[in-house]
Protein chains: 2
Amino acid sequence: MNGEVLIGIDLGGTNCRAALVSLTGEILVLNKVPTKMHEGRDFFLARLFRLCDDLIQFAAREGLRVSALGMGAAGVISPTGTVTVSPNLAPLNGFPLAAAIQDQFSLPTTIANDANAIAWGEGILGAGRIFSSFLTITLGTGVGGGLILDKKLWKGTDGSAGEIGHFVVEPEGRECRCGSRGCLEQYASATGIVRTALECLERGEDSVLAGLEPEDITSLKVSEAARGGDAVALKSFRETGERLGQVLASVANLLNLDGVVITGGPAESLDLIRPWMEKEIKARAFDIPFRRMKIVRGELGEEAGILGSARLAHDELVAGKKRVDLGPAEN
Amino acid sequence: MNGEVLIGIDLGGTNCRAALVSLTGEILVLNKVPTKMHEGRDFFLARLFRLCDDLIQFAAREGLRVSALGMGAAGVISPTGTVTVSPNLAPLNGFPLAAAIQDQFSLPTTIANDANAIAWGEGILGAGRIFSSFLTITLGTGVGGGLILDKKLWKGTDGSAGEIGHFVVEPEGRECRCGSRGCLEQYASATGIVRTALECLERGEDSVLAGLEPEDITSLKVSEAARGGDAVALKSFRETGERLGQVLASVANLLNLDGVVITGGPAESLDLIRPWMEKEIKARAFDIPFRRMKIVRGELGEEAGILGSARLAHDELVAGKKRVDLGPAEN
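Note that the structure is a prediction, hence the values are computed from the model and not measured. (Residues numbered from 1 in each chain as written. Chains lettered and ligands numbered in written order. Predicted model: local features only at pLDDT ≥ 70, side-chain atom pairs only at ≥ 80, totals over all residues. Heavy atoms only, no water.)

### Quick look at the interface of chain A and chain B
Here comes step 1: Listed as interface residues are 47 residues of chain A and, on the opposing side, 47 residues of chain B.
Here comes step 2: Of the roughly 3700 Å² buried between chain A and chain B, counting both surfaces, carbon and sulfur atoms make up 58%.
Here comes step 3: In terms of surface lost to chain B, no three residues of chain A exceed Trp154(A), Leu254(A) and Arg284(A), which account for 20% of the buried area on that side.
Here comes step 4: On inspection of chain A and its partner chain B, the count reaches 2 salt bridges.
Here comes step 5: In this assembly, chain A and chain B are joined by 28 residue pairs in polar contact (both at pLDDT 80 or more).
Here comes step 6: Those elements that provide at least two residues to the side of chain A that touches chain B are β6 (83-85), β9 (143-149), α7 (231-255), α8 (270-284) and α9 (287-292) of chain A.
Here comes step 7: Examining the composition of the side of chain A that touches chain B, we find that 8 residues originate from one element, α7(A), more than from any other.
Here comes step 8: Among the residues making up the side of chain A that touches chain B, the classes are represented as 22 nonpolar, 14 polar and 11 charged. (Contact = heavy atoms within 4.5 Å. Buried area = accessible area lost by both parts, 1.4 Å probe. Salt bridge = Lys/Arg side-chain N within 4 Å of Asp/Glu carboxyl O. Polar contact = N/O pair within 3.5 Å; in protein donor to acceptor, adjacent residues only side chain to side chain. Helix = DSSP H or I, 4+ residues; strand = E, 2+ residues; numbered from the N terminus. Nonpolar A, V, L, I, M, F, W, Y, C, P; charged D, E, K, R; others polar.)

Structure below.
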């Protein structure tokens with residue numbers, strides 16, 4: 001093993017997971033603590049620093065040197081690593097988190113939006129390796145996205161790019177928690193899949209899911225029912241596929257990408273989604289971008305964010321975009 | 001004046017316009033010939049070469065040297081300047097047009113999609129100067145688009161990027177000539193504006209436009225009626241604005257751009273479109289990308305394609321992306 005390792009951190013509203021990661025994407029040790037953001041910023045920072053310190057000391061005991069730290073965080077992250085806005089990490093809003101970590105450990109630190117970190121991970125170590133330009137779509141409670149253009153992460157002017165989940169797919173459609181209507185997220189997320197099924201059940205459509213309490217219906221249960229041939233469950237995945245396809249047709253026409261990487265829980269059901277998705281893209285996109293854009297499942301699973309943020313920190317360091325100011329430079 | 005000038009060509013299905021252009025965007029002379037593509041490729045090439053030759057000789061008489069030739073053409077243009085697919089220039093499909101021009105005149109030649117050329121022109125010489133990353137939307141018979149990201153033209157893998165006109169804005173909406181339904185073009189183009197008005201008239205809505213023969217109604221006439229307070233005409237521009245806004249909300253969330261430049265005939269009515277457009281973007285996009293994305297009217301008018309393609313050729317030459325192989329290099 002190379003003597004150089006990285007720290008990768010996945011900071012969510014509920015948990016903060018941090019790992020020591022090799023350059024080839026092997027996780028050497030992974031620690032998890034509750035985020036507990038309600039206790040305030042200082043308590044959180046103390047817990048985060050302890051977590052990082054443990055990893056740095058673990059590395060030292062193994063004769064390894066941590067060369068960079070990367071974090072994927074749920075929210076809009078500025079190009080310099082300030083948390084611009086994060087509903088789930090509100091006490092950090094406006095806080096220069098990357099600078100604080102960098103100061104604490106003299107470690108080059110890169111913070112990205114969590115979906116962007118996943119996209120970078122899939123691009124370097126996962127299913128996006130074969131593409132120069134691709135979109136990663138993360139299907140979970142919501143729908144996240146990250147855009148890699150010409151092997152570079154496209155963060156946008158304020159670092160807020162990649163929000164494919166809030167593409168308008170049905171202008172007068174389902175209300176979205178973002179304040180808009182008919183966002184992709186309302187149809188293609190795990191929540192959206194369940195919502196489609198519940199709407200069918202409310203209309204009295206026959207389904208094995210009718211035997212469950214509504215609050216017990218998950219996208220996994222809908223998926224199992226679909227595999228058993230349940231018409232309502234199949235309809236949920238058809239809706240997901242068609243809506244993803246409508247959005248991806250627009251994306252294909254606008255960006256002419258090499259591919260799309262789909263990750264997250266419902267991506268396990270990509271076989272149920274794909275036929276409807278591809279039918280819509282074929283019907284709506286121009287032929288050249290449609291034929292170019294391959295759609296594949298993510299390969300890195302739950303660790304994509306940790307691996308991606310660690311690699312992003314490493315790659316920005318190598319590219320010379322990051323350096324730690326350790327005092328006045330010698331002339 | 002600098003001794004160096006450029007040739008800029010706008011190749012459309014009906015006319016081919018070619019001009020001698022200064023580096024600062026001044027048009028020194030402009031010639032126009034009918035494209036007459038039905039006569040076949042060889043006849044067209046002969047006409048095109050004569051047009052270029054006239055400009056080169058004109059320059060020589062003025063003591064000027066043509067340093068590069070740029071063309072904007074209606075269709076998908078490959079990164080090397082082959083016409084991949086162009087419905088309006090079908091005899092050129094598959095033909096390496098840039099290479100043919102380059103061989104004929106030993107002149108570095110760049111061909112881009114016409115809307116991309118307009119975007120480049122507005123970015124260097126026009127309303128996009130203030131932006132690093134922006135989308136140009138060209139409202140005409142159809143809706144074209146060009147995307148500049150970090151001061152570079154985003155052409156996509158096959159050179160087909162920028163087709164904002166075929167964004168899905170209403171999945172079950174109006175049929176589009178591209179084979180899809182509910183494309184932006186069907187609502188926001190000059191044709192779309194007229195179509196909205198005609199649909200209102202067919203429903204018997206009261207309007208000054210009802211006094212015209214349907215085939216005499218143009219987007220300019222709808223605009224004049226709107227300025228006179230006509231309810232149907234105002235509704236047409238509201239529809240245009242709302243649909244543009246729905247698409248731009250998605251674009252803002254996905255790309256977090258600095259701005260949007262709107263050009264073409266109906267852009268003259270941007271004041272009628274803007275309130276509805278901005279209302280939709282505000283309601284649907286996240287606050288940070290919404291506040292960032294300034295929407296302005298194009299400044300270069302009908303010459304945008306000529307100026308943009310000329311500048312693109314120049315800028316690619318300067319960036320070292322283009323060179324003319326004039327025989328074996330000396331060692």
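### Observations regarding helix α10 (residues 304-318) of chain B
Residue and element names in this part refer to chain B.
Here comes step 1: End to end, α10 covers 21 Å across 15 residues, agreeing with the expected 21 Å (1.5 Å per residue, within 8%).
Here comes step 2: Taken across its 15 residues, α10 has 13 buried, putting it largely inside the fold.
Here comes step 3: Just downstream of α10 lies Gly 320, where phi reads positive at about 80 degrees. (Expected span 1.5 Å × (residues − 1). Buried < 20%, exposed > 50% of the residue type's maximum accessible area, 1.4 Å probe, protein only.)

### Description of a positive patch on the surface
Here comes step 1: On the surface, Lys152(A), Lys321(A), Lys152(B) and Lys321(B) cluster together into a positively charged patch.
Here comes step 2: Note on placement: Lys152(B) falls in strand β10 (residues 152-153).
Here comes step 3: By relative accessible area, which is 48% here, Lys152(B) ends up partly exposed. (Patch = residues over 30% accessible without salt bridge, like charges linked within 9 Å, V, L, I, M, F, W, Y side chains within 5 Å. Areas by Shrake-Rupley, 256 points an atom, 1.4 Å probe, with all protein chains shown as cover. Lys, Arg positive; Asp, Glu negative; His and termini not counted. Charge placed at Lys NZ, Arg CZ, Asp CG, Glu CD.)

### Concerning empty space enclosed by the protein
Here comes step 1: Within this structure, the stated rule accounts for 4 cavities of 30 Å³ or more.
Here comes step 2: A volume near 60 Å³ is recorded for the largest cavity.
Here comes step 3: Every residue lining the largest cavity is listed: Phe167(A), Val168(A), Val169(A), Gln246(A), Val247(A), Ser250(A), Phe167(B), Val168(B), Val169(B), Gln246(B), Val247(B) and Ser250(B).
Here comes step 4: Elements with a minimum of two residues in the lining of the largest cavity: α7 of chain A together with α7 (231-255) of chain B.
Here comes step 5: When the residues that make up the lining of the largest cavity are grouped by side-chain class, the tally is 8 nonpolar, 4 polar and no charged.
Here comes step 6: There is about 50 Å³ of room inside the second largest cavity.
Here comes step 7: Ile77(A), Ser78(A), Ile111(A), Ala112(A), Asn113(A), Asn116(A), Leu153(A), Lys155(A) and Gly159(A) are the residues that line the second largest cavity.
Here comes step 8: For the lining of the second largest cavity, the element with the highest residue contribution is strand β7 (residues 109-113) of chain A, accounting for 3 residues.
Here comes step 9: Split into classes, the residues belonging to the lining of the second largest cavity amount to 4 nonpolar, 4 polar and 1 charged.
Here comes step 10: Both domain 1 (4-119 + 303-318) and domain 2 (131-299) of chain A contribute no fewer than three residues apiece to the lining of the second largest cavity. (1 Å grid on protein atoms, 1.4 Å probe; cavity = no way out; pocket = protein on both sides within 12 Å on 5 of 7 lines; lining within 4 Å. Points joined across faces, edges and corners; volume = space filled by probe spheres on them. Domains from an automatic or database assignment.)

### Examining the sheet that holds strand β11 (residues 259-263) of chain B
Residue and element names in this part refer to chain B.
Here comes step 1: Strand order in the open sheet formed by 5 strands is β10-β9-β8-β11-β12, with mixed pairing between adjacent strands. Each having just a single partner strand, β10 and β12 (294-297) make up the two edges of the open sheet.
Here comes step 2: Examined bridge by bridge, strand β9 (residues 143-149) and β10 share 2 bridges and lie antiparallel to one another. Paired with Ile 148 across the bridge in β10 is Leu 153.
Here comes step 3: Strands β8 (134-139), β9, β10 and β11 of the sheet are contacted by helix α3 (residues 114-125), whose axis makes an angle of about 50 degrees with β9. (Pairing = 2+ DSSP bridges. Axes fitted to C-alpha atoms, helices over the stretch in contact; angles between N-to-C directions.)

### Some remarks on the sheet that holds strand β2 (residues 15-22) of chain A
Residue and element names in this part refer to chain A.
Here comes step 1: Spatial strand order, β3-β2-β1-β4-β7: 5 strands in an open sheet with mixed pairing. Where the open sheet ends on each side, the last strands, each with one partner, are β3 (27-34) and β7. This sheet shows a mean twist of 15 degrees between the axes of neighbouring strands, independent of strand direction.
Here comes step 2: Of the pairings in the sheet, the one linking β2 to β3 comprises 7 bridges and is antiparallel in character. Residue pairing for β3: Asn 15 is matched across the bridge by Pro 34.
Here comes step 3: With respect to the sheet, helix α1 (residues 41-61) is in contact with β1 (4-11), β2, β3 and β4 (65-73), its orientation differing from that of β2 by roughly 20 degrees.
Here comes step 4: In the packing of helix α2 (residues 97-105) onto the sheet, the strands contacted are β1, β4 and β7, and the crossing angle to β7 comes to about 155 degrees.

### A few points about the domain arrangement of chain A
Residues and elements named next belong to chain A.
Here comes step 1: Structurally, chain A comprises domain 1 (4-119 + 303-318) and domain 2 (131-299).
Here comes step 2: With centres defined by C-alpha atoms, the gap from domain 1 to domain 2 works out at 28 Å.
Here comes step 3: Listed as interface residues are 10 residues of domain 1 and, on the opposing side, 16 residues of domain 2.
Here comes step 4: Taken together, both faces of the contact between domain 1 and domain 2 bury some 980 Å²; the carbon and sulfur share is 57%.
Here comes step 5: For the interface between domain 1 and domain 2, the tally reads 1 salt bridge.
Here comes step 6: Of the charged contacts in the structure, one is a salt bridge between Glu 316 and Lys 155, with a shortest N-O distance of 3.4 Å.
Here comes step 7: At the junction of domain 1 and domain 2, the tally comes to 1 residue pair in polar contact (both at pLDDT 80 or more).
Here comes step 8: Going through the elements one at a time, β5 (76-77), α3 (114-125) and α10 (304-318) are the ones with two or more residues in the side of domain 1 that touches domain 2.

### Here we look at the pattern of salt bridges
All names here are of chain A.
Here comes step 1: By the definition in use, this model includes 44 salt bridges over all chains.
Here comes step 2: The salt bridge partner of Asp 287 is Arg 291, with a shortest N-O separation of 2.8 Å. Linking Asp 287 with Arg 291, this pair stays in helix α9, spanning 4 residues, or about one helical turn.
Here comes step 3: Judged by its relative accessible area of 52%, Arg 291 falls in the exposed class.
Here comes step 4: Shared partners join several salt bridges into a network, and the residues in it are Asp 10, Arg 17 and Glu 303.

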